[in-house]
Amino acid sequence: MRIGITCYPTYGGSGVVATELGIELAALGHEVHFISYSQPFRLTGRDEGISYHEVPVSSYPLFEFPPYDLALASRMAEVAEFNDLDLLHVHYAIPHSVSALLARQMLAAKGRRLPFVTTLHGTDITLVGLDRSYLPITRYAIQESDGVTSISHYLKEKTVQDFGVTRGIEVIENFVNCDVYMPIKDDAARAAARLRLAGQDEAILMHLSNFRPVKRVVDVVRIFAQVVRELPAQLVLVGDGPDRSAAEWLAHDLGIQAKVHFLGKLDRVHEMLPLADILLMPSELESFGLAALEAMACKVPSIATRVGGVPELIDDGLTGLLFPVGDIDAMALGALGLLKDRARMEAMREAGRKTAQKRFCSSLVVPHYVRYYESVLNGR
Ligand code: GMT
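Keep in mind that what you see is a predicted model, and the values were worked out from it rather than measured.

A.B. asks: Any chance you could break down the pattern of salt bridges for me, citing the residues and the numbers?
C.D. replies: Opposite charge on two side chains permits pairing when their charged atoms draw close. One pass over the full model with this rule turns up 19 salt bridges. Linking arginine 75 and glutamate 78 is a salt bridge whose minimum nitrogen-to-oxygen distance equals 2.6 Å. Here arginine 75 pairs with glutamate 78, and both are found in helix α2 (residues 68–83), just three residues apart, close to one helical turn. Given a relative accessible area of 33%, glutamate 78 falls into the partly exposed group. Linked by salt bridges that have partners in common, Arg2, Asp84 and Arg112 make up one network.

A.B. asks: Run through the layout of surface pockets, naming residues and quoting values.
C.D. replies: Of the volumes computed, that of the largest pocket is approximately 1,100 Å³. Contributing to the lining of the largest pocket are 50 residues, with Gly13, Ser14, Tyr92, Asn210 and Arg212 lying nearest its centre. Looking at the lining of the largest pocket, the elements that each hand over two or more residues are α1 (13–27), α2, α4 (123–126), α5 (135–144), β8 (203–208) and α11 (290–297). For the lining of the largest pocket, the per-class residue count stands at 25 nonpolar, 17 polar and eight charged. Taken together, domain 1 (2–175 + 362–377) and domain 2 (187–360) each give at least three residues to the lining of the largest pocket, which thus spans both. Each pocket or cavity is described by its volume, and for the second largest pocket that value is around 800 Å³. Lining of the second largest pocket is provided by 26 residues; of these, Arg190, Arg194, Asp277, Arg342 and Met345 occupy positions nearest its centre. Classifying every residue of the lining of the second largest pocket gives 12 nonpolar, two polar and 12 charged.

A.B. asks: Can you explain the side chain of serine 283? Please cite residues and give values.
C.D. replies: Along the polypeptide, serine 283 turns up in the loop between β11 (278–281) and α11. Residues in contact with serine 283, not counting those within four places in the same chain, are Val214, Lys215, Arg216, Thr305, Val307 and Val325.

A.B. asks: Could you give an account of the packing of α2 against helix α3 (residues 96–108), with specific residues and numbers?
C.D. replies: If you want to describe how two helices pack, look at the angle between their axes and the distance between the axes. Relative to each other, α2 and α3 sit at 50°, their axes nearing to 8 Å. In this view, α2 runs oblique relative to α3, as classed from their interaxial angle. When you trace α2 past α3, the crossing you get is right-handed. For the pair α2 and α3, the contacting residues are Asp69, Leu70, Leu72, Ala73, Ser74, Met76, Ala77, Ala80 and Glu81 in the first and His96, Ser99, Ala100, Leu102, Ala103, Met106 and Leu107 in the second.

A.B. asks: Quick one: what's the story with the packing of aromatic side chains, residue by residue and with numbers?
C.D. replies: By the definition in use, this model includes six aromatic pairs. Residues tyrosine 8 and tyrosine 92 carry aromatic rings whose centres are separated by 5.5 Å and whose planes lie at 80° to one another, so their mutual orientation is edge-to-face. Here tyrosine 8, found in the loop between β1 (2–6) and α1, pairs with tyrosine 92, found in the loop between β4 (87–91) and α3; they are 84 residues apart in sequence, far enough to count as distant. Of the residues examined, tyrosine 8 reaches a relative accessible area of 24% and is grouped as partly exposed. With a relative accessible area of 13%, tyrosine 92 lands in the buried category.

A.B. asks: Explain the site of the ligand residue by residue, including any values.
C.D. replies: The environment of the ligand is formed by 18 residues, the closest being Gly13, Ser14, His121, Thr123 and Glu286. Threonine 123 is positioned such that a nitrogen or oxygen atom in its backbone is 2.5 Å from an oxygen atom of the ligand. Note that an oxygen atom of the ligand is positioned 3.1 Å from one of the backbone N or O atoms of phenylalanine 288. If the ligand stood free it would expose 490 Å²; the protein chains cover 96% of that surface. Given that more than half its atoms are within 2 Å of the pocket grid, the ligand belongs to the largest pocket.

A.B. asks: I'd like to hear about the pairing of β4, residue by residue, with values.
C.D. replies: Counting buried positions over the five residues of β4 gives five, a clear majority of the element. A two-sided burial pattern is seen for β4, the buried positions comprising Leu87, His89 and His91 on one face and Leu88 and Val90 on the other. Where β4 and strand β5 (residues 116–120) come together, four bridges link them in parallel fashion. Note on β5: the bridge partner recorded for valine 90 is threonine 118. Between the parallel pair β4 and β5, the chain is carried across by α3, and the sense of this crossover is right-handed.

A.B. asks: Describe in detail the nonpolar core, supporting the description with residues and values.
C.D. replies: In globular proteins that are soluble, nonpolar side chains generally tend to be buried together. Core analysis: the biggest nonpolar cluster contains 75 residues, and Leu25, Met206, Leu273 and Leu279 have the highest contact counts within it. For methionine 206, the residues in contact, after removing those within four places along its chain, are Leu197, Leu235, Val236, Met272, Leu273, Ala276, Ile278, Leu279 and Leu280. Counting 36 residues, the second-largest nonpolar core is a separate cluster that includes Phe211, Val221, Phe224 and Ala225.

A.B. asks: Describe α1, naming the residues involved and giving the relevant values.
C.D. replies: With 15 residues, α1 extends 21 Å between its outermost C-alpha atoms, agreeing within 8% with the 21 Å of an ideal straight helix rising 1.5 Å per residue. Residues of α1 that are buried include every one of Ser14, Gly15, Val16, Val17, Ala18, Thr19, Glu20, Leu21, Gly22, Glu24, Leu25 and Ala26, and no others. Packed against the buried residues of α1 are β1, β2 (31–36), β3 (50–54), β4, α11 and α15 (362–377). With its phi angle positive at about 100°, glycine 29 sits one or two positions after the end of α1.

A.B. asks: Which residues make up the sheet that holds β1, and what values do they have?
C.D. replies: The parallel open sheet is built from seven strands, whose spatial order is β3-β2-β1-β4-β5-β6-β7. With partners counted over all chains shown, the strands left at the sheet margins are β3 and β7 (170–171), one partner each. Across five bridges, the pairing between β2 and β3 is parallel. The residue of β3 that forms the bridge with isoleucine 35 is histidine 53. Of the strands in this sheet, β1, β4, β5, β6 (147–150) and β7 are in contact with α15, which crosses β6 at around 160°.

Calculation criteria
- Residues numbered from 1 in each chain as written.
- Predicted model: local features only at pLDDT ≥ 70, side-chain atom pairs only at ≥ 80, totals over all residues.
- Heavy atoms only, no water.
- Salt bridge = Lys/Arg side-chain N within 4 Å of Asp/Glu carboxyl O.
- Helix = DSSP H or I, 4+ residues; strand = E, 2+ residues; numbered from the N terminus.
- Buried < 20%, exposed > 50% of the residue type's maximum accessible area, 1.4 Å probe, protein only.
- 1 Å grid on protein atoms, 1.4 Å probe; cavity = no way out; pocket = protein on both sides within 12 Å on 5 of 7 lines; lining within 4 Å.
- Points joined across faces, edges and corners; volume = space filled by probe spheres on them.
- Nonpolar A, V, L, I, M, F, W, Y, C, P; charged D, E, K, R; others polar.
- Domains from an automatic or database assignment.
- Contact = heavy atoms within 4.5 Å.
- Axes fitted to C-alpha atoms, helices over the stretch in contact; angles between N-to-C directions.
- Parallel < 35°, antiparallel > 145°, perpendicular 65-115°, else oblique.
- Left-handed = near helix turned anticlockwise from the far one by under 90°.
- Phe/Tyr/Trp six-rings, centres within 6.5 Å; stacked < 30°, edge-to-face > 60°.
- Near = heavy atom within 4 Å.
- Polar contact = N/O pair within 3.5 Å; in protein donor to acceptor, adjacent residues only side chain to side chain.
- Areas by Shrake-Rupley, 256 points an atom, 1.4 Å probe, with all protein chains shown as cover.
- Sits in = over half its atoms within 2 Å of the grid points.
- Pairing = 2+ DSSP bridges.
- Right-handed = clockwise from strand over helix to strand, strands pointing away.
- Core = buried A, V, L, I, M, F, W, Y, C linked by side-chain atoms within 4.5 Å.
- Expected span 1.5 Å × (residues − 1).

What follows is the structure in structure tokens.
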């Protein structure tokens, strides 16, 4: 198949899923064309079968807000025509599904078929999409999509409830490449790599996100402050975003700044995650929680919140621990309990990796997308 993929190229789960999907599809022999305003951040190097098409958004003094969604629709139609695309797959409904709808209409006027699939990821439904200025058009574009997928059952139910969407929605959960996201097998190599982040007897707690308010990065620092009072540890934060400064200030105010390390946006997350003992994901809401899945594949259990689709991923007590949002004391106690109980930690590490392999491996999930594309192309 020749597939066009549109996503946000910035640091975030929907862009990661879209990019990893494109890479996996290309590896299966499909032709993949990314269409976005800049190159998706995990798309490094030139993979066989993948092209990137930039969307130029020209400005004009009259435009206070240059209309990206229109430029995107034009580029989608162009790329589809020049490369004979079979379908478009857009990640995150706003505004991508609206642009795809326009591109489909533009090509229909020329007698060409260009079906599109919309994948719902999270705040396109739970937050931004609920804003009255976006809701009617988002609902319309979802309803009019040729196929719609959701990354969890939770998000599917929210879409039906809050948007009144009546069309079918296929749940295709997020995935991880278990051959890339994996534990470091050689204990000596892992120990040596850990020494770059922490002392020999120190635990490593990690956080990975785009530091938006929904991620509650300040809670991460508060949880760590309680943990480090009890045992030697370091906190490593990967990513960047609006709440980084608040988290940095808090670490200073609590006098733990020397043990809190902000590494910024890293591409090669799979090299960092296996070095951690625990991932902290105290989010206000996650419709899935891709970072926790990537950690599980690396044998790193998460201390997370019982919100949205997280319980569909993390089996509380078996592959991680779940707590109410904002319950910092409980999350710190949970982390301490795990760090002090080697046998329980080991069991959780093993169970996490097994779950990632059995349910969420790209080799299982990507063929589900391919079957779904085929059903859309066959008009089913
Ligand atoms: O919905 C968002 O805020 C954006 C999106 C992103 O690009 O990070 O995150 C969502 O999609 C991820 C990939 O499917 C999920 O793992 C995240 O749980 C989800 N974020 C939220 O629901 C807050």
